[in-house]
Amino acid sequence: MDSKRRDFLKIAGLSAIAGIAVPSAFNSLLKGEALASEHGAAAAGAHGAVAPTGKRWGMVIDVKKFSANPGLAEKCVSTCHAVHNVPDFGNKKDEIKWVWVDSFNHVFPDDSSQYKKPEALDSMPILTLCNHCDNPPCVRACPTQATFKTKDGIVAMDYHRCIGCRFCMAACPYGARSFNWRDPRGKDANGQPFIKAENPKFPTRMRGVVEKCNFCTERLAIGQIPACVEAAAESKALVFGDLNDPASEVSQMLKTTFTIQRKPSAGTHPSLFYII
Ligand code: SF4
Ligand code: SF4
């Protein structure tokens, strides 16, 4: 039995147990596509036993700086979505979001200070994305290891392993994952592509797979900072770095500034910190 068929039967078997269809995995294997990932070696390594690098990437989001710079949060969203070929299906129901803007009460529903917080917070734009949790329930829920932690602590996706069961979506307490109900590579009724200007350097996805923020692993791999951080560089509203390096800017900020995290009671240990 060849390895592709073995891979398919393995995925199909898991899907049958879960009572779900396997269109994306089946199509990939039929086309002879490799089980490619969004970032090659990092993903391949993560499926085996790879020693951690000692790094743990994290981000500090300064809400006041976003508030002082109207339009900046939206700029971060559009930059990220353009870089990563995130489709725009033109309606909320099918929306794919890697990073988005929400209200304080939605992002921090269990914040104990919500009844004594400054009223101004209610109208502040809160940038939200995957928390790249240190203890990620989405990774445990995935039956095919399509989502996994990299050696740098990033929670990543291997789109070609995703069978569309959406267990990871159900497991994520933050709504950080989106499902492609439609074909991102397709066009709307007016013939306009869902991906407005395709970035040839980043893979497009297919119908039936889950996607989310990848902390710009493809950019980190070539020494660049995440695209959203670069878009906000002038204001320093986003600071990114190694949480395990006590000398990093992000660690220094956390030492000297009070921050909060989303749903700490979920026990996921997010790598995102908010200055409120
Ligand atoms: S925020 Fe959600 S998708 Fe991201 S690592 Fe945590 S549980 Fe997984
Ligand atoms: S880290 Fe990269 S993938 Fe994640 S929200 Fe920022 S730009 Fe998007």
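The model shown is predicted, which means the values in this text are computed figures rather than measured ones. (Residues numbered from 1 in each chain as written. Chains lettered and ligands numbered in written order. Predicted model: local features only at pLDDT ≥ 70, side-chain atom pairs only at ≥ 80, totals over all residues. Heavy atoms only, no water.)

S.K.: In this structure, what is going on with the overall build of the protein chain? I would like to understand it.
M.R.: Within the protein chain, the secondary structure is distributed over eleven helices and nine strands. In the protein chain, buried positions account for 49% of the 276 residues. Considering only intrachain contacts with a sequence separation of at least 6, the fraction spanning at least 24 residues in the protein chain is 69%. Accessible surface, the protein chain: about 13,400 Å² in total, of which carbon and sulfur atoms supply 55%. (Helix = DSSP H or I, 4+ residues; strand = E, 2+ residues; numbered from the N terminus. Buried < 20%, exposed > 50% of the residue type's maximum accessible area, 1.4 Å probe, protein only. Contact = heavy atoms within 4.5 Å. Areas by Shrake-Rupley, 256 points an atom, 1.4 Å probe, with all protein chains shown as cover.)

S.K.: Is there a simple way to think about the site of ligand 1 in this case?
M.R.: The immediate surroundings of ligand 1 are formed by Cys130, Asn131, His132, Cys133, Pro137, Cys138, Val155, Cys172, Pro173, Tyr174, Arg177 and Lys212. Judged by the proximity of its atoms to the pocket grid, ligand 1 belongs to the largest cavity. Of the residues that constitute the shell around ligand 1, the class distribution is eight nonpolar, two polar and two charged. (Near = heavy atom within 4 Å. 1 Å grid on protein atoms, 1.4 Å probe; cavity = no way out; pocket = protein on both sides within 12 Å on 5 of 7 lines; lining within 4 Å. Sits in = over half its atoms within 2 Å of the grid points. Nonpolar A, V, L, I, M, F, W, Y, C, P; charged D, E, K, R; others polar.)

S.K.: Explanation requested: empty space enclosed by the protein in the structure shown.
M.R.: Gaps between atoms show up when a probe of the same size as a water molecule is rolled over them. Counting across every chain of the model gives three cavities of 30 Å³ or more. Surrounding the largest cavity, 14 residues form its lining, Cys130, Cys133, Cys138, Cys172 and Tyr174 being those nearest its centre. Among the residues making up the lining of the largest cavity, the classes are represented as ten nonpolar, two polar and two charged. (Points joined across faces, edges and corners; volume = space filled by probe spheres on them.)

S.K.: How should I be thinking about the sheet that holds strand β9 (residues 272-275) in this particular structure?
M.R.: Think of a sheet as strands paired side by side through backbone hydrogen bonds, with each pair either parallel or antiparallel. If you walk across this open sheet you meet the three strands as β8-β1-β9, and the pairing is mixed. The open sheet has two edge strands, β8 (238-242) and β9, and neither has a second partner. For this sheet, the mean inter-axis angle between neighbouring strands, taken without regard to orientation, is 20°. Strand direction decides the pairing type here: strand β1 (residues 57-62) and β8, joined by five bridges, are antiparallel. (Pairing = 2+ DSSP bridges. Axes fitted to C-alpha atoms, helices over the stretch in contact; angles between N-to-C directions.)

S.K.: How do you make sense of the site of ligand 2 when you look at a structure like this?
M.R.: All residues adjacent to ligand 2 are Cys80, His84, Trp98, Val99, Leu129, Cys213, Asn214, Phe215, Cys216, Pro226, Ala227 and Cys228. A per-class count over the shell around ligand 2 returns ten nonpolar, two polar and no charged.

S.K.: Where do I start with the pattern of salt bridges in this structure?
M.R.: Between side chains of opposite charge, a pair can form as their charged atoms come close. Using the criterion set out here, one finds nine salt bridges in the structure. One salt bridge connects Lys149 with Asp134, and the closest N-O pair in it is separated by 2.9 Å. Of this pair, Lys149 sits in strand β4 (residues 147-149) while Asp134 sits in the loop between β3 (126-129) and α7 (137-141), placing them 15 residues apart in sequence. Taking the relative accessible area as the measure of exposure, Asp134 reaches 35% and is therefore partly exposed. Close ionic contact of Glu249 with Lys236 constitutes a salt bridge, the shortest N to O distance being 2.6 Å. One end of the pair, Glu249, is in helix α11 (residues 249-256); the other, Lys236, is in the loop between α10 (227-231) and β8, and 13 residues separate them in sequence. The exposure class assigned to Lys236 is partly exposed, which follows from its relative accessible area of 40%. Counted as one network, the salt bridges with shared partners bring together Arg56, Asp134 and Lys149. (Salt bridge = Lys/Arg side-chain N within 4 Å of Asp/Glu carboxyl O.)

S.K.: Please explain the pairing of β1 as it appears in this structure.
M.R.: For a regular strand, side-chain orientation follows a simple rule: the groups alternate between the two sheet faces. Most of β1 is tucked away: six of the six residues are buried. Burial along β1 is two-sided: Trp57, Met59 and Ile61 and Gly58, Val60 and Asp62, pointing in opposite directions, are all buried.

S.K.: When you look at the packing of aromatic side chains in this model, what are you seeing that I'm missing?
M.R.: Tallied over the entire structure, the rule returns seven aromatic pairs. Aromatic pair Trp57 and Phe240: ring centres 5.2 Å apart, planes at 20°, arrangement stacked. Of this pair, Trp57 sits in strand β1 while Phe240 sits in strand β8; the two residues are 183 residues apart in sequence, bridging distant segments of the chain. Each member of the pair, Trp57 together with Phe240, is buried. Note on Phe104 and Phe108: the rings are 5.1 Å apart at their centroids and 40° apart in plane angle, and the pair reads as tilted. Here the aromatic cluster, defined as three or more aromatic residues joined through ring pairs, consists of Trp57, Phe215 and Phe240. A cation over a ring is seen here: Arg166 above Phe179, with NZ or CZ 4.9 Å from the ring centre. Note that Arg205 overlies the ring of Tyr159, its terminal NZ or CZ placed 5.4 Å from the centroid. (Phe/Tyr/Trp six-rings, centres within 6.5 Å; stacked < 30°, edge-to-face > 60°. Lys NZ or Arg CZ within 6 Å of the ring centre and 35° of its normal.)

S.K.: Help me understand the environment of Ile96 in this model?
M.R.: For Ile96, the location among the structural elements is in the loop between α5 (72-83) and β2 (99-102). Overall, Ile96 belongs to the buried group, its relative accessible area being 3%. In sequence terms Ile96 and Val210 are 114 residues apart; their C-alpha atoms lie 9.1 Å from each other. Beyond its immediate stretch of four places on either side in the chain, Ile96 contacts His81, Val86, Pro87, Phe89, Ser178, Phe179, Asn180 and Glu211.

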